[in-house]
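Remarks on the overall topology
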Amino acid sequence: WSQLNISETNRAVQTIEVSIKSLKLSRNLIPMAKTEVMSTGSVKNEAEDNGSNVNTTQLSGGLIRHVVTSYKSKTPEKIRLIDIFILFSLIVALTQLIYLKLVGDFPYNSFLSGFFSALGTAGLLVVLRIQTNPETKFNDIPDEKAYADFLLASFILYLVCLIMLG
């Protein structure tokens, strides 16, 4: 009986030793680098030899700040307005979905109509954003035609949603 317990204990100790060795090996293989995003947009890497932890809060905060400043400086104002409207439409759709889950689905046709209206508006806005963005290949389409297409498609979408209400 004692031989059985000793062999099981030895196997457990060997398993733990192998796990510890693999953790040490993987820790040595992962390069510890601190990445700092500067306000100018350049990235500075400093290798750390002591193995201390990278402050992920500072890293993500700097990255988010860099993305926001780059977005504001490179994106035209009319595209930013379309992006805000897309975000608003998606928030409206999400709010309706949460309301459905919390309260219930008694006027189900009303939910479907409102939900598809919000999602359809977001989809049409994405198309409008693509067509009016100067960096895309739709430069041969005038902005007036893109806005007219958006208004016509929105009118048809809202008409269908109105009919769906019953």
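Fair warning: this is a prediction, and the values are worked out from it, not measured in the lab.

Considering every residue of the protein, the mean pLDDT works out to 77; 64% of them sit at 70 or more. Counting contacts from residues 26–52, a segment whose pLDDT is below 50, to residues more than four positions away or on other chains yields 27 contacts.

Let's shift gears to the packing of aromatic side chains. Scanning the entire structure with this criterion turns up three aromatic pairs. Residues Tyr108 and Phe111 carry aromatic rings whose centres are separated by 6.0 Å and whose planes lie at 35 degrees to one another, so their mutual orientation is tilted. In this pair, Tyr108 and Phe111 are both assigned in helix α4 (residues 108–132), three residues apart and thus about one turn of the helix distant. Taking relative accessible area as the criterion, Phe111 reaches 12% and is therefore assigned buried.

For the rest of this paragraph, the subject is a nonpolar patch on the surface. Where nonpolar side chains cluster on the molecular surface, the patch consists of Leu152, Phe155, Ile156, Leu159, Val160, Leu162, Ile163 and Leu165 and spans about 820 Å² of accessible area. Mapped onto the fold, Ile156 is located in helix α5 (residues 143–165). Residue classification places Ile156 among the partly exposed positions, given a relative accessible area of 47%.

Cut-offs used in this document
- Residues numbered from 1 in each chain as written.
- Predicted model: local features only at pLDDT ≥ 70, side-chain atom pairs only at ≥ 80, totals over all residues.
- Heavy atoms only, no water.
- pLDDT = per-residue confidence, 0-100.
- Contact = heavy atoms within 4.5 Å.
- Phe/Tyr/Trp six-rings, centres within 6.5 Å; stacked < 30°, edge-to-face > 60°.
- Helix = DSSP H or I, 4+ residues; strand = E, 2+ residues; numbered from the N terminus.
- Buried < 20%, exposed > 50% of the residue type's maximum accessible area, 1.4 Å probe, protein only.
- Patch = residues over 30% accessible without salt bridge, like charges linked within 9 Å, V, L, I, M, F, W, Y side chains within 5 Å.
- Areas by Shrake-Rupley, 256 points an atom, 1.4 Å probe, with all protein chains shown as cover.
- Salt bridge = Lys/Arg side-chain N within 4 Å of Asp/Glu carboxyl O.

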